[in-house]
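The lines below spell out each chain.
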Amino acid sequence: MTDEARLYHARFPSVLGMDVTFGVNNEKRPLFRVSGKTTNNKNIPHFNAFIPSQQRFTFDWLIMDALPLLLNRNALKDTSIILTDQDAQLVGSLLTNLNMSANCIYGNARNRLCKWHKVSLSCALSAY
């Protein structure tokens, strides 16, 4: 994470996107990416990390420990939407941690499916 990424997150905290990308390194480790959106709808990368696996504990650690330390903690409270794909482990971790009564890290943030995945899902369902 760069200082510039931390600054952009502080300026545009409303929307975060979380996703995992595959096949980008020699070890074939998943790459966890967090990005944001500006008021002009421009994507801004905030955070990249090669993760050991896509198991639930990995996402729990990223969401509750790593991101609050790396991103602007006050800006995280102003996050309203966290966009994800349909990864069950990521979404499960996110929903559990966002709904914890003691959790005020992410303010009133809600998880939503990103537009591309919504379209892909509806196209797949309409094919039946």
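On to the sheet that holds strand 4 (residues 81-84). Sheet architecture is open: five strands sit in the order 3-2-1-4-5, paired in mixed fashion. What marks the edges here is a single partner per strand, and that holds for strand 3 (43-50) and strand 5 (110-113). Taking the axes of each pair of neighbouring strands and ignoring which way they run, one obtains an average angle of 25° across the sheet. In the sheet, strand 2 (residues 31-37) pairs with strand 3 via seven bridges, with the strands oriented antiparallel.

Both strand 1 (residues 15-21) and strand 2 contribute to a ladder of six bridges, which runs antiparallel. Paired with Val20 across the strands is Phe32, a residue of strand 2.

Mapped onto the elements, Asn111 comes out in strand 5. A distance of 3.0 Å separates a polar side-chain atom of Asn111 from the backbone oxygen of Ile82. With residues near it in sequence (within four places) discarded, Asn111 still touches Ile82, Leu83, Thr84, Val91, Leu94, Leu95 and Leu98.

The next subject is unusual backbone geometry. In this model, Lys28 sits at a positive phi of 60°, which is unusual for a non-glycine residue. The residue Lys28 is located in the loop between strand 1 and strand 2 in this model. Positive phi is not limited to glycine here, since Asn41 has a value of about 65°. Checked against the element boundaries, Asn41 lands in the loop between strand 2 and strand 3. Judged by relative accessible area, Asn41 falls into the exposed class, the value being 54%.

This part takes up the confidence of the model for the chain. Looking at the chain as a whole, the pLDDT averages 85, with 87% of positions reaching at least 70. At the low end of the mean pLDDT range in the chain sits helix 5 (residues 115-126), at 52; at the high end sits helix 2 (residues 56-70), at 94.

What counts, and at which threshold
Every residue gets a number counted from 1 within its own chain, in the order that chain's sequence is written. With pLDDT at 70 or above as the cut-off, local features in this predicted model cover only qualifying residues; side-chain atom pairs require 80 or more to be listed or tallied, and sums for whole chains, interfaces and linings still use all residues. Each side-chain value is derived from all of the structure's non-hydrogen atoms; neither hydrogens nor water enter the calculation. Any two strands with at least two DSSP-identified bridges between them are counted as paired. Helix and strand definitions follow DSSP, with helices as H or I runs of at least four residues and strands as E runs of at least two, each counted in order from the N terminus. Fitting a line to C-alpha atoms yields each axis, with helices limited to the stretch in contact; the angle taken between N-to-C directions then spans 0 to 180 degrees. Contacts described as polar in this section are N or O atom pairs within 3.5 Å, which, within protein, must combine one atom able to donate a hydrogen with one able to accept it, while residues neighboring in sequence count only if both atoms come from side chains. Residues are treated as being in contact if the distance between any of their heavy atoms lies within 4.5 Å. Burial classes: relative accessible area under 20% of the type maximum marks a residue as buried, over 50% as exposed, and values in between as partly exposed (1.4 Å probe, protein chains only). Values of pLDDT, ranging from 0 to 100, describe the predictor's confidence in every residue of the model.

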